[in-house]
Number of protein chains: 2
Amino acid sequence: MDFISEFKEKTARVNRALEMLLPKAEVYPEVIHQAIRYSVFAGGKRIRPVLTLAAAELLKGDLDLIMPAACALELIHTYTLVHDDLPAMDNDDLRRGMPTCHIKFGEDMAILAGDALQSMAFELLTKIEIGENISAEQLLLAIRELAQAIGTKGVIGGQVVDTISAANIIDKKTLEYIHQNKTGALIGVAVRIGAILACAGRENIERLDGYSKHLGMVFQITDDILDVTASEKVLGKPSGSDIRNNKGTFPSLYGIDEAGKMAAEE
Amino acid sequence: MDFISEFKEKTARVNRALEMLLPKAEVYPEVIHQAIRYSVFAGGKRIRPVLTLAAAELLKGDLDLIMPAACALELIHTYTLVHDDLPAMDNDDLRRGMPTCHIKFGEDMAILAGDALQSMAFELLTKIEIGENISAEQLLLAIRELAQAIGTKGVIGGQVVDTISAANIIDKKTLEYIHQNKTGALIGVAVRIGAILACAGRENIERLDGYSKHLGMVFQITDDILDVTASEKVLGKPSGSDIRNNKGTFPSLYGIDEAGKMAAEE
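The rules behind each value
- Residue positions are given per chain, counted from 1 along the sequence in the order it is written.
- In the order they appear in the text, chains get letters beginning with A and ligands get numbers beginning with 1.
- Side-chain atom pairs in this predicted model are given and counted only at pLDDT of 80 or more, local residue features only at pLDDT of at least 70, and totals for whole chains, interfaces and linings cover all residues.
- As a rule here, side-chain values cover all heavy atoms of the structure and leave hydrogens and water aside.
- A run of H or I in DSSP becomes a helix once it reaches four residues, and a run of E becomes a strand once it reaches two; helices and strands are each numbered from the N terminus.
- Working definition: with a 1.4 Å probe on protein chains only, accessible area under 20% of the residue-type maximum means buried, over 50% means exposed, and in between means partly exposed.
- Only heavy atoms enter the contact rule, under which two residues are in contact if any of them lie within 4.5 Å.
- In short, Shrake-Rupley with a 1.4 Å probe defines the accessible areas, and a residue's cover is counted only from the protein chains shown.
- Just to be clear on terms, a salt bridge is a Lys or Arg side-chain nitrogen sitting within 4 Å of an Asp or Glu carboxyl oxygen.
- Multiplying one less than the number of residues by 1.5 Å gives the expected span of a helix.
- The convention used is that axes are lines fitted to C-alpha atoms, helices contributing only their stretch in contact, and that angles between N-to-C directions extend from 0 to 180 degrees.
- By definition in this entry, angles of less than 35 degrees are roughly parallel, angles greater than 145 are roughly antiparallel, angles of 65 to 115 are roughly perpendicular, and the rest are oblique.
- For any helix crossing, the convention is left-handed if the near helix is rotated counterclockwise from the far helix by under a right angle, and right-handed if that rotation is clockwise.
- Least-squares fitting of one copy onto the other uses the C-alpha atoms of those residues that reach a pLDDT of at least 70 in both copies.
- Along the chain, pLDDT gives the predictor's confidence residue by residue, from 0 to 100.
- What makes a nonpolar core is a set of buried Ala, Val, Leu, Ile, Met, Phe, Trp, Tyr and Cys residues whose side-chain atoms join them at distances within 4.5 Å.
- The term buried area denotes the loss of accessible surface (1.4 Å probe radius) that occurs when two parts are joined, taken as the sum for both partners.
- Ten residues, namely Ala, Val, Leu, Ile, Met, Phe, Trp, Tyr, Cys and Pro, are considered nonpolar, four, namely Asp, Glu, Lys and Arg, are considered charged, and the remaining ones, Gly among them, are considered polar.
- Note on ring pairs: Phe, Tyr and Trp rings are taken, using the six-membered ring of Trp, and paired if centres are within 6.5 Å. Classes follow the plane angle, with under 30 degrees stacked, over 60 edge-to-face and the rest tilted.
- Only a pair of cysteine sulfur atoms within 2.5 Å qualifies as a disulfide here.

Before going further, it helps to spend a moment on the overall build of chain A. Scanning chain A from N- to C-terminus turns up 14 helices and two strands. Classification of the 266 residues of chain A by burial places 60% in the buried group. Considering only contacts in chain A between residues 6 or more positions apart, those separated by 24 or more positions represent 69%. Carbon and sulfur atoms make up 54% of the accessible area of chain A, which totals about 11200 Å².

Turning next to the pattern of salt bridges. The tally for this structure, following the rule as stated, stands at 18 salt bridges over all chains. For Arg 95 of chain B, the salt bridge is made with Asp 85 of chain B, and the minimal N-O distance between the two is 2.7 Å. With a gap of ten residues between them, Arg 95 of chain B in strand S1 (residues 94–95) and Asp 85 of chain B in the loop between helix H4 (63–84) and S1 connect regions that are remote in the sequence. For Asp 85 of chain B, a relative accessible area of 3% puts it in the buried group. The partner of Lys 127 of chain B in a salt bridge is Glu 123 of chain B, and the shortest N-O contact between them spans 3.0 Å. A residue is classified by how much of its surface remains accessible, and Lys 127 of chain B, at 46% relative accessible area, is partly exposed. The class of Glu 123 of chain B is buried, set by a relative accessible area of 15%. What you see here is one network of salt bridges that share partners, running through Glu 6, Lys 10 and Glu 57 of chain A.

Time to look at helix H7 (residues 136–149) of chain B. For H7 of chain B, with 14 residues, the first-to-last C-alpha span of 20 Å sits near the 20 Å given by 1.5 Å per residue. Turning to H7 of chain B, its buried residues number three or more, namely Ala 136, Gln 138, Leu 139, Leu 140, Ala 142, Ile 143, Glu 145, Leu 146, Ala 147 and Ala 149 of chain B. Packing partners of the buried residues in H7 of chain B comprise helix H6 (107–126) and helix H7 (136–149) of chain A together with H4, helix H6 (107–126), helix H8 (155–165) and helix H9 (172–197) of chain B.

The next subject is the packing of H6 of chain B against H7 of chain B. Residue and element names in this part refer to chain B. Orientation of H6 relative to H7, taken along the N-to-C sense of each, is 165°, at an axis distance of 10 Å. In terms of their interaxial angle, H6 and H7 are classed as roughly antiparallel. Where H6 crosses over H7, the two elements pack in a sense that is right-handed. Residues Phe 122, Leu 125 and Thr 126 of H6 form the contact with H7, whose own contacting residues are Leu 139, Ile 143, Leu 146 and Ala 147.

Now for the relation of the copies chain B and chain A. When chain B is fitted onto chain A, the two copies agree to an RMSD of 0.0 Å after a turn of 180° and an axial shift of 0.0 Å. The transformation relating the two chain copies, once decomposed into turn and shift, fits a two-fold axis. Taking C-alpha positions as reference, the residue of chain B nearest the rotation axis is Ala 136 of chain B, located at 2.8 Å. When the interface residues of chain B are mapped onto chain A, 100% of them again lie at the interface, so the same face is used by both copies.

Residues and elements named next belong to chain A. Look at the link from Tyr 28 to Pro 29: it is a cis peptide, with omega at -10°. Tracing the sequence through the fold places Pro 29 in the loop between helix H1 (3–21) and helix H2 (30–40). At Lys 60, a residue that is not glycine, the phi angle is positive and equals roughly 60°. With respect to the helices, strands and loops of the structure, Lys 60 is situated in the loop between helix H3 (47–58) and helix H4 (63–84). Positive phi is not limited to glycine here, since Asn 91 has a value of about 55°.

Moving on, we come to the confidence of the model for chain A. Confidence along chain A averages 87 in pLDDT terms, with 82% of residues attaining 70 or more. In the model output, the complex is listed with pTM 0.87 alongside ipTM 0.86.

Moving on to the nonpolar core. Leu 146 of chain A together with Leu 146 of chain B are the most contacted members of the largest nonpolar core, which has 146 residues in total. With residues near it in sequence (within four places) discarded, Leu 146 of chain A still touches Leu 73, Ile 76, Phe 122, Leu 125, Leu 186, Val 189 and Ile 193 of chain A. Ranked by size, the runner-up nonpolar core spans nine residues in total, among them Leu 175, Tyr 177, Ile 178 and Ile 221 of chain A.

Moving on, we come to the interface of chain B and chain A. On the side of chain A, 48 residues touch chain B, which itself brings 48 residues to the contact. Buried area between chain B and chain A, both sides added, is near 4000 Å², and the carbon and sulfur share of it is 74%. Summed over the three residues of chain B that lose the most area to chain A, namely Thr 126, Leu 140 and Thr 152 of chain B, the buried surface amounts to 14% of that side. Counting the contacts that link chain B with chain A gives zero salt bridges. Where the side of chain B that touches chain A is concerned, the elements lending two or more residues are helix H2 (30–40), H4, H6, H7, H8 and H9 of chain B. Per-element tally for the side of chain B that touches chain A: the top contributor is H6 of chain B, with 13 residues. Partitioned by chemical class, the residues of the side of chain B that touches chain A number 28 nonpolar, twelve polar and eight charged.

Under the definition given, this model contains five aromatic pairs over all chains. When the ring of Tyr 28 of chain A is compared with that of Tyr 177 of chain B, the centres are 5.0 Å apart and the planes differ by 75°; the resulting orientation is edge-to-face. You can see Tyr 28 of chain A sitting in the loop between H1 and H2 and its partner Tyr 177 of chain B sitting in helix H9, one on each of two chains. Here Tyr 38 of chain B and Phe 105 of chain B contribute two aromatic rings whose centre-to-centre distance is 5.5 Å and whose plane-to-plane angle is 70°, an arrangement assigned as edge-to-face. One end of the pair, Tyr 38 of chain B, is in helix H2; the other, Phe 105 of chain B, is in helix H5 (residues 101–105), and 67 residues separate them in sequence. In this structure, Tyr 38 of chain B and Phe 105 of chain B share a single accessibility class: buried.

Here we take up the environment of Glu 206 of chain A. All names here are of chain A. Secondary-structure assignment places Glu 206 in helix H10 (residues 202–229). Under the relative-accessibility criterion, Glu 206 is labelled partly exposed at 42%. As a C-alpha pair, Glu 206 and Ile 47 span 159 residues in sequence and 20 Å in three-dimensional space.

Below, the discussion takes up the state of the cysteines. Two cysteines joined by a covalent bond between their sulfur atoms form a disulfide. Residue and element names in this part refer to chain A. Evaluation of the coordinates by the stated rule reveals zero disulfides over all chains. Distance from the sulfur of Cys 71, which forms no disulfide, to the nearest cysteine sulfur (Cys 101) is 19 Å. Owing to a relative accessible area of 0%, Cys 71 belongs among the buried residues under this scheme.

Here we come to the packing of H3 of chain A against H4 of chain A. Residues and elements named next belong to chain A. The interhelical angle for the contact between H3 and H4, taken along N-to-C directions, is 150°, at an axis separation of 7 Å. It follows from the interaxial angle that H3 and H4 lie roughly antiparallel. At the point where H3 passes H4, the crossing takes the right-handed sense. Residues Arg 48, Pro 49, Thr 52, Leu 53, Ala 56 and Glu 57 of H3 touch H4, and the partners they reach there are Leu 63, Ile 66, Met 67, Ala 70, Cys 71, Leu 73, Glu 74 and His 77. For the contact of H3 with H4, a count of residues per class yields nine nonpolar, two polar and three charged.

Structure, rendered in structure tokens:
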């Protein structure tokens, strides 16, 4: 199977698992489960869970056992999107061509859905089957890595610096900090968790780490370029929202051509 | 030592531990750590962590080892308060006589501080020392119980029903659901986590559970009564905010006298 087919196959597996693992929309109180499902099934590419599975596969891990961890990564990603879109944050009405969670369900439900998605991610991780393949110690390490990666020294840190920098011209060091943390930290830990749960030794994890850092940068630069060049139809969100919000991006700092070259190099 | 002195002594221990475990206010990006510390040290009574310690003590657990779990409970509690106070939720400007987090640091930082407090709580739990006294399996169980208790079948569930019921007259069953979940679930799991980490058998946990459920109800009824009767000075927040928000409370459903009797009975 080629790369694209493998990616698509894993995406489909993740979608089936999410469908099974998330509370049904009819479970009381219904509205929160509707908001959660609406946001999770809004057409994400499942890049993070696929990376978790890919890393685990490379190290001969049991993908069925590890699947709840992969799904946990997607829930965390979704929670950050739902909160990022809020009026007090990026104030985005559309995501992937659909009304954002707070437009559809109200701001209060969007706050609560994001909060619930975070705890649900940790809950999924704790439900991974302990036994011959995965020890309780390995699982605890995976949970710790996730908690650290999404905290103030990871995703939230990047988001905070992005937010307070919004109206200012920022230097390249700050821009790199934002992307390495806001986006890179979750991409990185997706790979690490796959490796940890596939019982990887320290050396393996370090090697995968370098790989995932580059991947995170490529991902972010491409996203920035698309924000400038793509039309709303392609993006599924209003284009130029970074410019509107005065955000420092790779194209605004380096120009589109140079940013394109950087992505290719990474 | 009498009950009050023991409570005060444990509160002081929790405060010292929180001081040590939370990132310093000077750590980059500073504003989020300032917002987190501001909210955590806004004068909470530390009821939940004290309950964790008290349950552990009863079962001869090692309180020093268990302390990060107790602190995790307080971080979760603080995160729910910070998000509850947001304009899109209860829209409260004051808490315990001080400006709420979003008034002091802005709505965006309050959303992010709440998010970070949640992941920090899980991070603290994963850092508990594994060894003779606490096994990795016990710790995983504690993390799972916490994640479940604060999810859509616990704290968030109660918060959701509270929010969607705000403008309506609600029945007693709904009111009980709200309080058992919004407040009771975290009180209950505080006790359970203390018992689990002190190596309690199933029977001990069940017994403590009954105790903690009654305690949760007493706590909530008293809080509701205070909201109606106390002045802003005593409460540290505008009194009558439940009435302003049309919230179903024990006094509004049963009258103040009857609610008082109910608390005493519990």
